[in-house]
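# Coordinate analysis (summary)
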Amino acid sequence: AVEFVGDAAARLKTFEDRLEKRISSKLKEGIELHDAEATKECLDVYEQMKRRDVLVTRYVQARKSNLVKIYSAFAEVKPDDEQEPLPMRLRGLAANLSAALGAELAWCESVFPDSATFAAALWVDLTSTIAAPLQSVVADALFKPGTYGEPQLLELRVLLGIVSDLGVEVS
């Protein structure tokens, strides 16, 4: 009898894995297109399979690229090409990311009962992705050879304030 239960549990797990693979493309498409109904249908299946962690991961995978594009547009401007000072550019990035995250949260609230979990996971993943590249952009703009002094440190302080304000706003 114990062998039968173990075999049934293994078969159920196999069926759940196959089902998850089949609906993952529908879920991805629903999330990418912000199709609340399609996503809710998949949500029910994932909930019944007790795979909420996979659902959060799929959400982040589907939506992160839009936020990375916002960062990339900021990062593509090279220090030699700059039309506006780095603090102004960084404020623009912060405003664009804040607006995009606000839109994500609003959509999540219409779909997921615990919407903050999804939006927070997206934010954490995004920040871990752009942290090092953003640090490089700032370092390249501020600390050119022979230009390490009080003016650069004061500008760095301004930049840190902008990033900090964004973090507080998102929180």
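Preceding block: the structure.
This text gives an overview of the structure that appears in the document. Quick caveat: nothing in here was measured; it's all calculated off a predicted structure.

### What to know about the overall build of the chain
- Across its full length, the chain holds six helices and zero strands.
- Ordering the α and β elements of the chain from the N terminus gives α-α-α-α-α-α.
- On C-alpha atoms alone, the chain measures out to a radius of gyration of 22 Å, which is more than a quarter above the 16 Å that the 2.2 N^0.38 rule sets for 171 residues.
- Taken along its principal axes, the extent of the C-alpha atoms in the chain is 75 × 35 × 25 Å.
- Counting the 171 residues in the chain, one finds 32% classified as buried.

### A word on unusual backbone geometry
- Here His 34, not a glycine, exhibits a phi torsion of approximately 55 degrees, which is positive.
- Here His 34 is to be found in the loop between helix H1 (2-32) and helix H2 (36-48).
- Its relative accessible area of 27% is what places His 34 among the partly exposed residues.

### A few points about the layout of surface pockets
- Of the pockets and cavities examined, the largest pocket occupies roughly 240 Å³.
- Together, Ser 98, Leu 101, Gly 102, Leu 105, Ala 116, Ala 119, Ala 120, Trp 123, Val 124, Glu 169, Val 170 and Ser 171 line the largest pocket.
- For the lining of the largest pocket, the secondary structure elements donating two or more residues are helix H4 (86-111), helix H5 (115-142) and helix H6 (150-170).
- Ranked by the residues each element gives to the lining of the largest pocket, the list is headed by H5, at five residues.
- Per-class residue counts for the lining of the largest pocket are eight nonpolar, three polar and one charged.
- Its boundaries defined by the atoms lining it, the second largest pocket holds a volume of some 200 Å³.

Criteria and thresholds
- Residues numbered from 1 in each chain as written.
- Predicted model: local features only at pLDDT ≥ 70, side-chain atom pairs only at ≥ 80, totals over all residues.
- Heavy atoms only, no water.
- Helix = DSSP H or I, 4+ residues; strand = E, 2+ residues; numbered from the N terminus.
- Rg over C-alpha atoms; globule rule 2.2 N^0.38 Å.
- Buried < 20%, exposed > 50% of the residue type's maximum accessible area, 1.4 Å probe, protein only.
- 1 Å grid on protein atoms, 1.4 Å probe; cavity = no way out; pocket = protein on both sides within 12 Å on 5 of 7 lines; lining within 4 Å.
- Points joined across faces, edges and corners; volume = space filled by probe spheres on them.
- Nonpolar A, V, L, I, M, F, W, Y, C, P; charged D, E, K, R; others polar.

Nothing here speaks to function; it is geometry throughout.
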